[in-house]
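Given next are the chains, with one letter for each unit.
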Amino acid sequence: MSHPQPAPPAATAGCTVRPSPSDTLVATVYFDGSCPLCRMEIGHYQRFDSRGTLCFVDVSQPLAVTGPGLDREAAMARFHIRDRQGQLLSGAAAFVEIWRTVPGWRHAARIAAVPGALFVLECSYRAFLTIRPFVSGFLRKRGW
């Protein structure tokens, strides 16, 4: 007799790539899978996340689960993560949290901890968001 599978924990609901053991989950990463540049970057983090500490949710999928405080439109417009405690981080703060987690990127997180660095990173990220549609369109035309 078949038993129904339990629902995934809220922290991993909607993951396109599930972390190995659930007790190692550090954050759920919400990314725009329709953006070629975003897919490349997320693919990079996935390769480096050998311990399976990140759960990846492609918010370009119509049924993506984003959880409380984050709707699909906001998740498509800006990079977000939800940490193990359920706190939602976006923009540069979200990237820095990933850098703290993924081997090979911890040095970048240490640099981001320098006073004023997070502010500069956030300003840079906001500037990038204005050109992201053009970069994505260019990459799509090139078959990425």
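Here's a quick rundown of the structure. (Residues numbered from 1 in each chain as written. Predicted model: local features only at pLDDT ≥ 70, side-chain atom pairs only at ≥ 80, totals over all residues. Heavy atoms only, no water.)

## Here's the deal with helix α5 (residues 117-141)
- Look at α5: 34 Å from first C-alpha to last across 25 residues, which is about the 36 Å you get at 1.5 Å a residue.
- By the largest-angle criterion, isoleucine 131 marks the main kink of α5, which is about 50 degrees, and a proline, proline 133, follows within four residues.
- Along α5, the positions that sit buried rather than exposed are Ala117, Glu122, Tyr125, Arg132, Ser136 and Leu139.
- Residues of α5 that are buried make contact with α1 (36-48), α2 (72-77), β4 (88-90), α3 (91-101) and α4 (106-112).
- Backbone geometry just after α5 places glycine 143 at a positive phi near 85 degrees. (Helix = DSSP H or I, 4+ residues; strand = E, 2+ residues; numbered from the N terminus. Expected span 1.5 Å × (residues − 1). Bend = angle between axes of the 7 residues up to and from the residue. Buried < 20%, exposed > 50% of the residue type's maximum accessible area, 1.4 Å probe, protein only. Contact = heavy atoms within 4.5 Å.)

## Brief notes about the pattern of salt bridges
- Using the criterion set out here, one finds four salt bridges in the structure.
- When the shortest N-O distance is used, the salt bridge between glutamate 122 and arginine 78 registers 2.5 Å. Linking glutamate 122 in helix α5 with arginine 78 in the loop between α2 and β3 (80-83), this pair joins segments that are 44 residues apart in sequence. The same class applies to glutamate 122 and to arginine 78, which are both buried.
- Across the pair glutamate 97 and arginine 100 runs a salt bridge, and its minimum N-O distance is 2.7 Å. One end of the pair, glutamate 97, and the other, arginine 100, are both in helix α3, three residues apart, so they sit about a helical turn from each other.
- With a relative accessible area of 18%, glutamate 97 lands in the buried category.
- We classify arginine 100 as partly exposed; its relative accessible area is 44%. (Salt bridge = Lys/Arg side-chain N within 4 Å of Asp/Glu carboxyl O.)

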